[in-house]
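Results of the structural survey
These are the residues of each chain, in order.
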Amino acid sequence: QPELAGDFGTLMVWADEVRRLKVRTNAETPLDCRTAREFGAEGIGLCRTEHMFFDAARITAVRQMILASDEAGRRAALDKLLPEQRADFTEIFEVMAGLPCTIRLLDPPLHEFLPHEESEFEEVAKAAGLDVETLRRRAAELHEFNPMLGHRGCRLGVTYPEIYEMQARAIFEAACDVAEKSGAAPVPEVMIPLVGTRRELELMKNVVDRAAQAVFADKGRTIDYLVGTMIELPRACLRAGEIAEVGEFFSFGTNDLTQTTLGVSRDDAGRFLTTYVEKGIYARDPFVSIDVEGVGELIGIAAERGRATRPDIKLGICGEHGGDPASIAFCEATGLDYVSASPYRVPIARLAAAQAALRAR
Ligand code: PEP
Ligand code: MG
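Residues numbered from 1 in each chain as written. Chains lettered and ligands numbered in written order. Predicted model: local features only at pLDDT ≥ 70, side-chain atom pairs only at ≥ 80, totals over all residues.

- The protein chain is annotated in an unreviewed UniProt entry as Pyruvate, phosphate dikinase of Sphingomonas suaedae.

Structure representation (structure tokens):
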């Protein structure tokens, strides 16, 4: 841990003594998890499982799953992906050694998974036993004009529950295996993305709970786990009271929450926001520092309503803002439990959390 040695290391020890906010990391590879732990991460706040599906070795099975026209076709592809997902989570749980791991179920803008080249269609056709024309037709059916507001997040899980079932199974099988081998039971926190209504979360929690029960019966052991949700839509903030009847934790996805609250595409934001900041329309780039008056007020509402329903609800933030000192000060003031940042921003988050705690004294 050379970066954290010497005087800087001492400073970090002091910072940890005064900060109240926990600091987790956004990571989905064992290497990132290891790096983040070396920098002092106290858990995973966001494991984006869709990143695991882009792997070159798996993409054909993933495309087969997405393009399948019925459940049997999807299940055939999911059977290929299950052992690989189990291996992913096993490695992560081993590195995280009993620290909490928030694993977010698949949240893919579907277009990112669709094949484009002829050779890609041919590969999927071979794997799925279908002809290229059928697959092309299916890909055309799945086309969306605005995928970021389309069939992503839990909407995918609602229409194809078997995908989330496979992922939940992989999480719990891996957790049981690691608990068996190492004795340090993993602490999975299964997170549902892009929830806007209580019912969506309820449906998805049922899928996760059923998978957990099936795995625990198979393995003859149980693992403590939580099921919670991303809060990344204004509607979810407003309905947080009833969403907390189902969700055991909230993690604020401030990337999407900023996009949906301000009506500004997170992918195109740079184009005019610099001018907006120069002209004093926004105090800071809202995709870097939480827009306290808009997004911040919604987070405050969600925290208050969520706590009114479930006083011990765990509250965190996993958008990019989780590594931004000004946003971390906002998280401290709002009384969140943790922030989650990319591995290399973990030390900054620890310092910023300490500074915010000192200021609040
Ligand atoms: C978010 O929306 O803030 C978030 C963390 O999820 P993602 O960036 O993966 O959409
Ligand atoms: Mg998001």
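**Focus: the sheet that holds strand 3 (residues 100-104)**
- One closed barrel accounts for eight strands, arranged 1-2-3-4-5-6-7-8; its pairing is parallel. Averaged over all neighbouring strand pairs, the angle between strand axes comes to 25°, with direction disregarded.
- Relative to strand 4 (residues 187-192), strand 3 runs parallel, the two sharing five bridges. The partner of Ile 103 across the bridge, within strand 4, is Val 190.
- Packed on one face of the sheet, helix 5 (residues 71-96) meets strand 2 (44-48) and strand 3 and runs near 155° to strand 3. (Pairing = 2+ DSSP bridges. Helix = DSSP H or I, 4+ residues; strand = E, 2+ residues; numbered from the N terminus. Axes fitted to C-alpha atoms, helices over the stretch in contact; angles between N-to-C directions. Contact = placed C-beta atoms within 7 Å.)

**Here's the deal with the site of ligand 1**
- As a matter of local geometry, ligand 1 sits amid Leu 46, Arg 48, Asp 107, Glu 232, Gly 253, Thr 254, Asn 255, Asp 256, Cys 318 and Gly 319.
- At the level of secondary structure, the elements contributing two or more residues to the shell around ligand 1 comprise strand 2 and helix 13 (254-262).
- With three residues, the single largest contributor to the shell around ligand 1 is helix 13.
- Looking at the shell around ligand 1 residue by residue, the classes come out as two nonpolar, four polar and four charged. (Near = placed C-beta within 6 Å. Nonpolar A, V, L, I, M, F, W, Y, C, P; charged D, E, K, R; others polar.)

**Overview of the UniProt feature "binding site: Mg(2+)" (unreviewed entry) in the protein chain**
- UniProt's feature table lists "binding site: Mg(2+)" (unreviewed entry) at Glu 232 and Asp 256, given in the numbering used throughout. Across 25 residues of sequence, these annotated residues stay compact in space, with a maximum C-alpha separation of 5.4 Å.
- Take Glu 232: it is sitting in the loop between strand 5 (226-231) and helix 11 (234-238).
- Residue classification places Glu 232 among the buried positions, given that 26 C-beta atoms sit within 10 Å.
- Structurally, Asp 256 is set in helix 13. (UniProt positions renumbered as here; feature names shortened; annotations may be inferred. Buried ≥ 20, exposed ≤ 12 C-beta atoms within 10 Å, placed from the backbone.)

**Here we look at unusual backbone geometry**
- Even without glycine at this site, Ala 97 takes up a positive phi of about 40°.
- By the secondary structure assignment, Ala 97 is in the loop between helix 5 and strand 3.
- According to the C-beta neighbour criterion, Ala 97 is exposed, with 12 such atoms within 10 Å.
- One non-glycine residue, Leu 194, adopts positive backbone phi at about 55°.
- When you line up the elements, Leu 194 lands in the loop between strand 4 and helix 10 (198-219).

**Quick notes on the UniProt feature "binding site: substrate" (unreviewed entry) in the protein chain**
- In the numbering adopted here, UniProt assigns the feature "binding site: substrate" (unreviewed entry) to Arg 48, Arg 104, Glu 232, Gly 253, Thr 254, Asn 255 and Asp 256.
- Ignoring sequence-local partners within four residues, the contact set of Gly 253 consists of Met 230, Ile 231, Glu 232, Cys 318 and Gly 319.
- With respect to the helices and strands, Asn 255 occurs in helix 13.
- You can call Asn 255 partly exposed: it has 15 C-beta atoms within 10 Å.
- Not counting residues within four places of it along the chain, the set of residues in contact with Asn 255 comprises Arg 266, Gly 319 and Glu 320.

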